[in-house]
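Overview (structure and organization)
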Amino acid sequence: MTTPIPPTDTTTSTNSSIARLLGEIAIDRQESVVPAGLSGKLDLARAAATIRRCTQSAGLSPALTIAEAEELARAFVDGDDGPFGRYGAGHSFPPTEESGLEVDEVLALCALLAAREQWARGAHSVEPPTSGSDEPNAVCPECGSLARLEILLGQYSERYSVCPVCNAYWRIARVGCPHCGERDGHHLVVYTAEQRTGRALVHCLSCRRVWRRLELRGHTTPPDDLFIRTFEPWPEELLLDQRDEVLPVPLRPAKAK
Ligand SMILES: [Zn+2]
Ligand SMILES: [Zn+2]
């Protein structure tokens with residue numbers, strides 16, 4: 001089911017602000033990559049320091065304390081969105097900051113960059129989760145984060161999920177929701193914006209999740225700027241954000257407490 005949505009203006013400064021934060025974190029990585037496991041082991045002290053640096057660089061006011069930054073790092077690992085929304089409500093950015101992202105989204109972005117600092121290792125193909133083909137497969141087999149982007153690669157449009165944290169990508173079935181396994185095409189609504197060829201939003205009516213699809217016909221491997229394209233705001237997403245039946249994809253699956 002394909003539904004066209006009207007074109008909207010795009011925010012041009014977003015790419016640059018995300019690219020800037022990404023660049024600052026990359027410089028500090030110093031090749032010290034920490035291997036991630038499904039348990040999602042993160043050096044919390046280091047992640048907290050990175051989150052503070054990143055939010056300071058973005059101009060967050062008031063600045064996060066070490067304890068607050070560490071709480072966000074832990075919330076990231078636990079898949080707990082609560083603290084991001086809470087701190088998002090109590091902080092702000094200078095009026096000049098025009099990232100196009102809400103405060104809680106920038107906090108989530110900084111937590112994600114902190115995890116990337118430790119886990120990212122360049123685009124690499126991995127084996128899909130060892131579940132049956134009917135099982136949901138949005139969870140990264142390497143680090144346990146959730147894919148919020150699928151890409152179609154090559155001339156036969158092979159479908160892959162991409163991990164925004166460790167850069168792993170894995171083959172998924174041609175049809176179906178990677179989050180709940182829904183396979184009925186009537187329950188998967190594809191939104192395409194006029195003038196924007198090669199990209200779409202997919203909304204699963206069963207689990208209500210929305211994720212992005214990029215068609216990369218000329219590519220056989222993911223391009224370098226995939227992270228930015230995963231996180232930059234898409235104006236067409238605003239339309240869906242306002243609807244109650246739509247759920248964004250969290251950074252990681254919530255850990256059972
Ligand atoms: Zn991963
Ligand atoms: Zn679903």
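What comes next concerns the included structure. A quick note: this is a predicted structure, and the numbers were derived from the prediction, not measured.

Thoughts on the overall build of the protein chain
- A count of helices and strands for the protein chain gives seven helices and nine strands.
- Here the protein chain, with 257 residues, has 37% of them falling under the buried criterion.
- Restricting to contacts in the protein chain with at least 6 residues of sequence separation, those with at least 24 account for 67%.

Focus: the packing of helix 3 (residues 66-78) against helix 4 (residues 82-90)
- The geometry of helix 3 relative to helix 4 is characterised by a closest axis approach of 8 Å and an angle of 145 degrees between their N-to-C directions. Taking contact as the criterion, the partners of E68, E71, L72 and A75 in helix 3 are, on helix 4, G82, P83, F84 and Y87.
- For the contact of helix 3 with helix 4, a count of residues per class yields five nonpolar, one polar and two charged.

Let's talk about the environment of T65
- Assignment of secondary structure puts T65 in the loop between helix 2 (44-57) and helix 3.
- Residues T65 and A49, 16 residues apart in the sequence, show an inter-C-alpha distance of 9.7 Å.

Focus: the environment of R252
- Positionally, R252 belongs in the segment after strand 9 (247-248).
- Among the residues examined, R252 registers 24 C-beta atoms within 10 Å and is labelled buried.
- Sequence spacing of R252 and V139 is 113 residues, and the spatial spacing of their C-alpha atoms is 7.9 Å.

Concerning the pairing of strand 3 (residues 149-153)
- Summarising burial for strand 3: four of the five residues are buried, a large majority.
- Turn length for the strand 3-strand 4 (residues 158-162) hairpin, with the two strands adjacent in sequence and antiparallel, is four residues, and the turn residue G154 shows positive phi of about 80 degrees.
- Where strand 3 lies against strand 8 (residues 209-216), five bridges are found, and the strand directions are parallel. In the sheet register, E150 faces strand 8, and the bridge partner there is R213.

Topic: the packing of helix 4 against helix 5 (residues 103-119)
- Where helix 4 meets helix 5, the closest approach of the two axes is 8 Å, and the angle between their N-to-C directions is 130 degrees. It follows from the interaxial angle that helix 4 and helix 5 lie oblique. In terms of crossing hand, the pair formed by helix 4 and helix 5 is right-handed. Along its contact with helix 4, which presents F84, G85, Y87 and G88, the element helix 5 presents V103, D104, L107 and A108.
- Its residues assigned to classes, the contact of helix 4 with helix 5 comprises five nonpolar, two polar and one charged.

Section: the nonpolar core
- In terms of nonpolar packing, the biggest core is built from 60 residues, with I51, L72, A73 and A111 touching the most fellow members.
- Viewed by domain, this core spans two of them, domain 1 (2-8 + 122-248) and domain 2 (13-119), each represented by three or more residues.
- In contact with A111, other than residues within four places in its own chain, are I51, L72, A73 and F76.

Regarding helix 3
- The end-to-end C-alpha distance of helix 3, which contains 13 residues, comes to 18 Å, matching closely the 18 Å that a straight helix rising 1.5 Å per residue would cover.
- Looking only at helix 3, the buried set comprises E68, A69, E71, L72, A73, A75, F76 and V77.
- Considering only its buried residues, helix 3 is in contact with helix 2, helix 4 and helix 5.
- Where helix 3 terminates, the next one or two residues include G79, which has phi positive at roughly 65 degrees.

The rules behind these values
- Residues numbered from 1 in each chain as written.
- Chains lettered and ligands numbered in written order.
- Predicted model: local features only at pLDDT ≥ 70, side-chain atom pairs only at ≥ 80, totals over all residues.
- Helix = DSSP H or I, 4+ residues; strand = E, 2+ residues; numbered from the N terminus.
- Buried ≥ 20, exposed ≤ 12 C-beta atoms within 10 Å, placed from the backbone.
- Contact = placed C-beta atoms within 7 Å.
- Axes fitted to C-alpha atoms, helices over the stretch in contact; angles between N-to-C directions.
- Nonpolar A, V, L, I, M, F, W, Y, C, P; charged D, E, K, R; others polar.
- Pairing = 2+ DSSP bridges.
- Parallel < 35°, antiparallel > 145°, perpendicular 65-115°, else oblique.
- Left-handed = near helix turned anticlockwise from the far one by under 90°.
- Core = buried A, V, L, I, M, F, W, Y, C linked by C-beta atoms within 7 Å.
- Domains from an automatic or database assignment.
- Expected span 1.5 Å × (residues − 1).

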